[in-house]
Amino acid sequence: MCSLFISVGAFAQGTKNAGQDAATNKGDVLFDFGVGFVGNEYSYSSDYNYKNESSFQLPTFSLALQKAFWEDITIGGQFSINGGGSSYDDYYQNDGYYRRDVKNSQVNSYFTARGEYHFNRLIGLDRKFDLYAGALVGFSISNDVHKYTDGWVDPNGPNPGNRGPDTHKSRNIGAHPVIGPFGGFRYYFANNVGVYGEVGWAITAVRAGLVFRL
């Protein structure tokens, strides 16, 4: 009889430990930060051959926090931000004396809910590996700033007038829905610290960074 109780207890303990061997267990909290590339980039195109035309694009930085409310399923939120801009000189007259200097900039902020399903328990992966897939849903806020300065390049040129540089600035703020799937893989090189890589198309095509399992 004692042997029977010992065997049952050992089996129960073994089952519990097997469940805890999964990468994500009920109650776990995951926090990550990363950098994303490709997708939702600042874009500018013109119909004219402007002088000194240039543009820049910043990568997408993100923070995500989620909790496993059930075994293998985590739900939380993610905040992401990126930006870009362009500048050029627009000559209004063929003589090249009157010039408009233009600068455009854009900042995009993404507020999304995030859910994941973790496949480790299903396919028997070691706890240090985490294969997952999920989806993002939310919205983005874009802040566009358009600034230009009018002025005479040569005050002694034709029709210089009497006015100096004149600066104008306008701002446009818009909101857009964000939704899309993603998939990724985490590798925990320490007990609760790891690296990850993701692919998707809700915000960026590629995202990678550090993850902490709390």
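All of these numbers come straight from a predicted model, not from anything done at the bench.

On to the overall build of the chain, then. Helix and strand content of the chain: 2 helices and 9 strands. Each helix and strand of the chain, placed in order from N terminus to C terminus, yields the pattern α-β-β-β-β-β-α-β-β-β-β. For the chain, the proportion of its 214 residues judged to be buried stands at 32%. Counting contacts in the chain only where the partners sit at least 6 residues apart, residues at least 24 apart contribute 67% of the total. For the chain, the computed accessible surface area is about 12,500 Å², with 61% contributed by carbon and sulfur atoms.

Attention now goes to the pattern of salt bridges. Throughout the structure, instances matching the rule amount to 8 salt bridges. For Glu116, the salt bridge is made with Arg186, and the minimal N-O distance between the two is 2.9 Å. Residue Glu116 is located in strand S5 (residues 98-118), and its partner Arg186 is located in strand S7 (residues 166-188); the two are separated by 70 residues in the primary sequence. The same class applies to Glu116 and to Arg186, which are both buried. Taken together, the salt bridges that share partners define one network made up of Asp32, Arg114, Glu116, Asp130, Arg186, Glu198 and Arg207.

Further remarks concern unusual backbone geometry. The bulk of non-glycine residues show a negative phi, and the bulk of peptide bonds are trans. A positive phi angle is found at Asp72, which is not glycine, with a value near 70 degrees. Topologically, Asp72 is positioned in the loop between strand S3 (60-70) and strand S4 (73-91). With a relative accessible area of 8%, Asp72 lands in the buried category.

With that settled, consider the nonpolar core. Within the largest apolar cluster, 11 residues are counted, these being Leu30, Tyr110, Tyr132, Leu136, Val178, Phe182, Tyr188, Tyr196, Ala202, Ile203 and Val211. Of all the secondary-structure elements, those providing two or more residues to this core are strand S6 (129-152) and S7. The element best represented in this core is S7, accounting for 3 residues. With residues near it in sequence (within four places) discarded, Leu30 still touches Thr24, Ala64, Leu65, Gln66, Thr74, His118, Arg186, Tyr188, Phe212 and Arg213.

Now for empty space enclosed by the protein. Using the criterion set out here, one finds 1 cavity of 30 Å³ or more in the structure. Here the largest cavity defines a volume of roughly 120 Å³. What lines the largest cavity is a set of 19 residues, among which Leu136, Glu198, Ile203, Thr204 and Arg207 lie closest to the centre. When residues of the lining of the largest cavity are traced back to their parent elements, those giving at least two are S3, S4, S7, strand S8 (193-200) and strand S9 (206-213). With 3 residues, S8 is the single largest residue contributor to the lining of the largest cavity.

Tallying each qualifying case throughout the model produces 10 aromatic pairs. Taken together through their ring pairs, the aromatic side chains of Phe31, Phe33 and Phe212 make up a single cluster. If you follow Arg213 out to its NZ or CZ, it ends over the ring of Tyr188, 3.8 Å from the centre.

On to a nonpolar patch on the surface. The grouping of Phe69, Trp70, Ile73, Ile75, Tyr117, Leu122, Ile123, Leu131, Phe185, Tyr187, Phe189 and Val195 at the surface amounts to a nonpolar patch, some 1,100 Å² of accessible area in total. Breaking the nonpolar patch down by element, the ones donating at least two residues are S3, S4, helix H2 (120-123) and S7. Mapped onto the fold, Val195 is located in strand S8. A relative accessible area of 35% means that Val195 is categorised as partly exposed.

Parameters at a glance
Residues numbered from 1 in each chain as written. Predicted model: local features only at pLDDT ≥ 70, side-chain atom pairs only at ≥ 80, totals over all residues. Heavy atoms only, no water. Helix = DSSP H or I, 4+ residues; strand = E, 2+ residues; numbered from the N terminus. Buried < 20%, exposed > 50% of the residue type's maximum accessible area, 1.4 Å probe, protein only. Contact = heavy atoms within 4.5 Å. Areas by Shrake-Rupley, 256 points an atom, 1.4 Å probe, with all protein chains shown as cover. Salt bridge = Lys/Arg side-chain N within 4 Å of Asp/Glu carboxyl O. Core = buried A, V, L, I, M, F, W, Y, C linked by side-chain atoms within 4.5 Å. 1 Å grid on protein atoms, 1.4 Å probe; cavity = no way out; pocket = protein on both sides within 12 Å on 5 of 7 lines; lining within 4 Å. Points joined across faces, edges and corners; volume = space filled by probe spheres on them. Phe/Tyr/Trp six-rings, centres within 6.5 Å; stacked < 30°, edge-to-face > 60°. Lys NZ or Arg CZ within 6 Å of the ring centre and 35° of its normal. Patch = residues over 30% accessible without salt bridge, like charges linked within 9 Å, V, L, I, M, F, W, Y side chains within 5 Å.

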